[in-house]
Amino acid sequence: MATGHAQRTLRNSFGLPSNRYQMLNWSSKALIHLLALAGAVAFLIPFLWMISTSLKPMEKIFQYPPQWMPDPILWRNYIEALTVMPFGLYFRNSIYVTVLSVVGQILSSAVVAYGFARLRFPGRNILFIILLATMMLPWQVTMIPLFILYRSLDWINTYYPLIVPNFLGGSPFFIFLLRQFFLTLPLELDEAAKLDGCGPFRILWQILLPLAIPGLTTVAIFSFLWNWNEFLWPLIVLNDVDKWTIPLGLNGFRDQYGTDWNHLMAASFVASLPVIIIFFMFQRYFIQGIATTGAKG
Amino acid sequence: MLSRQAQAGQDADGVTAGKRPRMSGIARKEAIAGYIAISPWLLGFMIFQLAPILGAFYISSTEWRILSAPEFIGVRNFDKLLFNDDLFWQSIKVTVIYVIFRVPISAMLSLALALLMNQQLAGRRLFRTIYYLPAVIPLVAVSMMWIWIFNPEYGVLNSLIRVFGIEGPQWIHSSRWALPALIIMSLWQVGTGMVIFLAGLQGIPAHLYEAATIDGANTWQRFLKVTLPMLSPVVLFALVMNVIGSFQIFTQAYIMTAGGPGNATLFLVLYIYRNAFEWFHMGYASALAWVLFVVVLVISLAMLRSSEHWVHYEGRVGGA
């Protein structure tokens, strides 16, 4: 105990952040780094394996022991993989569906969250509890009636079933996240605007939304991610190859070129690239978003 | 001005008299704005959730092959799945095994990673990125990667196992190993759980650890007596969401194993999908979907109920 205290004092005197537990000695520090490093290697191997395979010629793929550094490096695997199937088209389709879905989810969840966070109306609490309860709903229970509904509307093989629901409430997660965000903004802002004669929706639009941009960014990123990665629902509603999104295209690629591992890995990597880029650009918002919905849930 | 004063007066009356005051004009306007604000969600909830759930219940009482009209058959679909469909019980068995193994193992792994990331660690942000990244990759792409990783002859996993002089199993090509393979693969995506736990850990006030240290608690005791109780609400949330998510497993099985070999990975949602969209038994598929709904509902409610016994809520006085 005494040494721990001494070390902490020593550490503080060097201006280093003091650990919330106790100062760890060197051997346990080394052990922690070693564990983290071993874990990181284990988590990276699948990625490295994918990238390595995607750059190999066919005959080097079926080889034991496996070669990690491809030799020669075949960049043209990527060009071949992307031209043999219309990935450009899938990409455009995915962008179209995803962007409209993100816009719908942001708009509708912001308005709804504002209602739950700031406006008083009878039944607000019970409705909010219902909203939270819908987070626990396995949506597959709704997929058959919705399929039949869209079929009768002639919406099968269109993007409406993928986009329209996002304009109606979006997702309970996003509503919850934005509500939590609005609750952190001082109520005096609304009061002052109200005195100036602002109506409730002008308060939202002109005062709260600009302040909520970090929260909205988090929603945008998760919305992008979920819509981009969605598989089962597009699989049900999109039949035409021309309408496919990236995940459906990747699945179709595998059906046709099942054992062209280099091309399949190249296509998988390209399909993942947009989310990887977004993740690296906005990492902070990912972490914050999960922390808000997770820790305070 | 006048109406604002009137409202203030009413509010005070409402409090003292203890009954609901009639709404003032301003309050009514606010309430109307509130209903308008939440109306997108309310509409969406009724159209895309409530009505379909009830609709699915109705469809489950019919024989409906989509092209012809639905024919009412009462509870025969439920009768069939309970007493006359081995594949249904197989799908329940496989799904439950997946949930039972995947949820606790991934919870422990993500807690371990979160504890690790909560230490003073050089390059902590980089480690966090590496651990979290697999959780954002499209599941279809992840499935493609892991088909190749699990390749018995040339896959990286069996190559690594061979280093120890052991021949690895056939993984997704073996009816015995396919389910464990999908569980192993799911552990690669524990990043979300890690971030949830990490946020929870960072919310634990440092003075609790200091007090425990002064009382002479060692690292392990502090973990048991401070960290775990303080983290238990977060653990409950993560476990419930993970159970719900795990029951919905579909993509991996659809792409990697097609439910096989020998129905070893015929998860419930895959079986629902096949009945509905490959065989067009809309009635039977809806009955299966209702089973999923009820099972998930009962299990999550049971977990939330059990939380009274193990979740510690700060600020609660005397076990209220």
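Rules behind the numbers
- Residues numbered from 1 in each chain as written.
- Chains lettered and ligands numbered in written order.
- Predicted model: local features only at pLDDT ≥ 70, side-chain atom pairs only at ≥ 80, totals over all residues.
- Heavy atoms only, no water.
- Helix = DSSP H or I, 4+ residues; strand = E, 2+ residues; numbered from the N terminus.
- Buried < 20%, exposed > 50% of the residue type's maximum accessible area, 1.4 Å probe, protein only.
- Contact = heavy atoms within 4.5 Å.
- Lys, Arg positive; Asp, Glu negative; His and termini not counted.
- Charge placed at Lys NZ, Arg CZ, Asp CG, Glu CD.
- Axes fitted to C-alpha atoms, helices over the stretch in contact; angles between N-to-C directions.
- Parallel < 35°, antiparallel > 145°, perpendicular 65-115°, else oblique.
- Left-handed = near helix turned anticlockwise from the far one by under 90°.
- Nonpolar A, V, L, I, M, F, W, Y, C, P; charged D, E, K, R; others polar.
- Domains from an automatic or database assignment.
- Buried area = accessible area lost by both parts, 1.4 Å probe.
- Salt bridge = Lys/Arg side-chain N within 4 Å of Asp/Glu carboxyl O.
- Polar contact = N/O pair within 3.5 Å; in protein donor to acceptor, adjacent residues only side chain to side chain.
- Patch = residues over 30% accessible without salt bridge, like charges linked within 9 Å, V, L, I, M, F, W, Y side chains within 5 Å.
- Areas by Shrake-Rupley, 256 points an atom, 1.4 Å probe, with all protein chains shown as cover.
- Phe/Tyr/Trp six-rings, centres within 6.5 Å; stacked < 30°, edge-to-face > 60°.
- Lys NZ or Arg CZ within 6 Å of the ring centre and 35° of its normal.

**Brief notes about the overall build of chain B**
- Counting its regular elements, chain B contains 14 helices and two strands.
- Within chain B, the proportion of its 320 residues that are buried is 53%.
- Of the contacts made within chain B by residues no fewer than 6 positions apart, 64% connect residues no fewer than 24 positions apart.
- Across chain B, the centroid of the 21 positively charged side chains sits 6 Å from that of the 15 negatively charged ones.

**Topic: the packing of helix α4 (residues 86–117) of chain B against helix α11 (residues 219–247) of chain B**
All names here are of chain B.
- Two elements in contact, α4 and α11, have axes whose closest approach is 10 Å; the angle formed by their N-to-C orientations is 140 degrees. On the basis of their axis angle, the class for α4 and α11 is oblique. Crossing of α4 over α11 shows right-handed handedness. The residues of α11 that touch α4, namely those facing Thr-95, Tyr-98, Val-99, Arg-102, Val-103, Ser-106, Ala-107, Leu-111 and Leu-115, are Phe-223, Thr-227, Leu-228, Leu-231, Leu-239, Asn-242, Val-243, Ser-246 and Phe-247.
- Of the residues in the contact of α4 with α11, the class split is twelve nonpolar, five polar and one charged.

**Some details on the domain arrangement of chain A**
Residues and elements named next belong to chain A.
- The domain boundaries assigned to chain A delineate domain 1 (22–74) and domain 2 (85–295).
- Each side of the interface is counted separately: domain 1 has nine residues, and domain 2 has eight residues.
- Summed over both partners, the interface of domain 1 with domain 2 buries about 720 Å², with 79% contributed by carbon and sulfur atoms.
- It is Met-50, Ser-54 and Met-58 in domain 1 that bury the most area against domain 2; as a group they hold 57% of the surface buried on that side.

**So, the domain arrangement of chain B**
Residues and elements named next belong to chain B.
- Here chain B is described as being made up of domain 1 (24–76) and domain 2 (77–310).
- Relative placement of domain 1 and domain 2: their C-alpha centres are 31 Å apart.
- When domain 1 packs against domain 2, close to 1100 Å² is buried across both sides, 60% of that on carbon and sulfur atoms.
- It is Ser-60, Arg-65 and Arg-76 in domain 1 that bury the most area against domain 2; as a group they hold 37% of the surface buried on that side.
- The interface formed by domain 1 and domain 2 holds zero salt bridges in total.
- At the surface where domain 1 touches domain 2, the tally comes to eleven residue pairs in polar contact (both at pLDDT 80 or more).
- For the side of domain 1 that touches domain 2, the elements supplying multiple residues, two or more each, are α2 (25–59) and β1 (62–63).
- Of the residues assigned to the side of domain 1 that touches domain 2, the class counts are eight nonpolar, three polar and three charged.

**Quick notes on the side chain of Asp85(B)**
All names here are of chain B.
- When you line up the elements, Asp-85 lands in the loop between α3 (76–83) and α4.
- One polar contact links the side chain of Asp-85 to the main-chain amide nitrogen of Leu-87, over a distance of 3.0 Å.
- Here the side chain of Asp-85 touches Tyr-284 through a polar contact of 2.4 Å, side chain to side chain.

**With respect to a nonpolar patch on the surface**
Residue and element names in this part refer to chain A.
- Among the surface-exposed residues, Ile-95, Tyr-96, Val-99, Leu-100, Val-103, Leu-107, Phe-167 and Trp-205 lie close enough to one another that they form a single nonpolar patch of about 730 Å² accessible area.
- At six residues, helix α5 (residues 87–118) tops the list of elements feeding residues into the nonpolar patch.
- With respect to the helices, strands and loops of the structure, Leu-107 is situated in helix α5.
- In this structure Leu-107 comes out as partly exposed when scored by relative accessible area, which is 45%.

**A short note on the packing of aromatic side chains**
- Following the criterion strictly, the structure yields 50 aromatic pairs over all chains and no others.
- Ring-pair connections join several aromatic residues into one group, and the members of that group are Phe116(A), Phe121(A), Phe128(A), Phe176(A), Tyr35(B), Trp41(B) and Phe45(B).
- The ring of Phe128(A) carries the charged tip of Arg179(A) above its face, separated from the ring centre by 4.0 Å.
- The positively charged end of Lys80(B) is found above the aromatic ring belonging to Tyr284(B), 4.1 Å away from the centroid.

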